[in-house]
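Coordinates in review
Residue strings, one per chain:
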Amino acid sequence: MKARDIRVFVADDEYHICEGLKESLTNVGYSVDVAYDGEEADERLNARVYHAAILDLKMPGIDGITLLKRLKKTSPDTGVIIITAFGEVSTAVDAMRLGAYDYLAKPVDLKRLHLSLQHLLEHQALVAENKELRAWLGSTEAFGQIVNRSAAMQHVCDTLAQAAITDVPVLVMGDTGTGKELVARAVHQRSSRNKGPLVAVNCGAVPETLFERELFGHVRGAFTGAHADKPGRFAAAEGGTLFLDEVGEIPLANQVDLLRVLEEKIYTPVGSNESRKADVRIIFATNRNLDLEVREGRFREDLFYRINVVPIRLPQLKDRKDDIPLLVETFMDELCAVHQKSRKRFTPDAMRLILNYAWPGNVRELKNTVERIVVTCPETRVGPKRLPSAIRATAPVRKDLAVPLNSSIEEAERLLIENTLAHVTSNRKEAARILGISVRALQYKIKKYNLGS
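No experiment lies behind these values; they were computed from the predicted model shown.

Reading the values: the criteria
Residues numbered from 1 in each chain as written. Predicted model: local features only at pLDDT ≥ 70, side-chain atom pairs only at ≥ 80, totals over all residues. Heavy atoms only, no water. Buried < 20%, exposed > 50% of the residue type's maximum accessible area, 1.4 Å probe, protein only. Helix = DSSP H or I, 4+ residues; strand = E, 2+ residues; numbered from the N terminus. Pairing = 2+ DSSP bridges. Right-handed = clockwise from strand over helix to strand, strands pointing away. Salt bridge = Lys/Arg side-chain N within 4 Å of Asp/Glu carboxyl O.

As for the pairing of strand 4 (residues 79-84)
- Burial analysis of strand 4 places six of its six residues in the buried class, which makes it a mostly covered element.
- Residues Gly 79, Ile 81 and Ile 83 point to one face of strand 4 and Val 80, Ile 82 and Thr 84 to the other, with burial holding for every one of them.
- As paired elements, strand 3 (residues 52-56) and strand 4 share five bridges and run parallel to each other. Following the sheet pairing, Asp 56 is matched in strand 4 by Ile 83.
- Between the parallel pair strand 3 and strand 4, the chain is carried across by helix 3 (residues 64-74), and the sense of this crossover is right-handed.
- Where strand 4 meets strand 5 (residues 102-105), four bridges bridge the pair, whose relative direction is parallel. Looking at strand 5, one finds that Thr 84 is bridged to Ala 105.

Following this line, the structure appears as structure tokens:
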């Protein structure tokens, strides 16, 4: 939204203050209306909706607190900044509890006012986006729990929808933490087998010697200790879906057994002479490059072509950043409910850092980060300082250091180091990396310029 489209209201019974604030705000493009007492302010606020209202705490007739209370009922989305004289800070704090965004002491620092108003408007934009995201979540089935606002994930869901209505094998590929099991569940839920079971097997956790028994089961007497028949995972998934995760971990010797099931649609329990029909739909997943595994002889080429009928490749989280705000909202709602905590919201500055971070652990890392904040952060408004240091380190170092032209090299160096430390929350190792010096050299300069204890 452009500045000229933002409506700001100013109320103060001191004429010169009111006109000074109006002039300052108008000069940067805001549309500004004013009132010189509480009665006039009340009339104007009832006649028009404003993005922000800057209210003097004490005015003749109706004071700022009363106006604030009325605004929160009639126009709850209007952000309020309270102006207070020296000695009224405790009352201003009460105003914050009643819903004011910020308070400023007289004489008003215009730079601080502009910054506070800018943060208020950013906060409003974020709240509006969160409402939109929650409405979007509630109004669409969105393939189960799969967030797909980004173009990359919309392509995934298009393929998923086409594959789900068939019974052909699906191969889900993606890095660890990208949500492969979630995709498998979505395929199962949208298929004709959704009334049957979904059985998941982590192939990497099954020893080679137990693979046949785990998948196909065994009959009584098949081996020492086999005192009764035991069905395998294929039997457990009958009529439903079998999800074989980390299929690239299956040893070559066992890949033959799986290939036979795919080709003949039958399997034989260990120790039995009778084959059984494999009435299952199979979904495979891997974080390995199976093309490379085939070329290097670790995965059978014929098996690869059998399972790679409908490939679905999941993007890394850094390649689907349009999904991050909605993922954060989803995880925040879910985890606050699980841990019985009041709902929290990230500030615009914190959300910018979250969007800038590369997320090497993908969606799983994002969810773990949100859960950590839900559990450990007492505030409902989560700022950058509550984020893990790796995320805070993505904050850009200011380029506008405003070093006076007559400054010495040492003065310029001190400002650069001070700014860098501030942006990485005093993480000296990260600051040294950004500055291109050793940690030891940085520690020397910190001591030299008295920048830290």
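Thoughts on the pattern of salt bridges
- According to the stated counting rule, one finds 28 salt bridges in the structure shown.
- The partner of Glu 249 in a salt bridge is Arg 288, and the shortest N-O contact between them spans 3.2 Å. Pair noted here: Glu 249 is in the loop between strand 8 (241-245) and helix 10 (252-264) and Arg 288 is in the loop between strand 11 (281-286) and helix 11 (290-295), with a separation of 39 residues, a long-range link.
- Its relative accessible area of 34% is what places Glu 249 among the partly exposed residues.
- Between Arg 306 and Glu 263 there is a salt bridge whose closest N-O contact spans 3.9 Å. Here Glu 263 lies in helix 10 and Arg 306 lies in helix 12 (residues 301-307), a separation of 43 residues in the sequence.
- Arg 306 gets classed as partly exposed once you look at its relative accessible area, which sits at 37%.
- Through salt bridges with shared partners, one network takes in Glu 249, Arg 288, Glu 293, Glu 296 and Arg 298.

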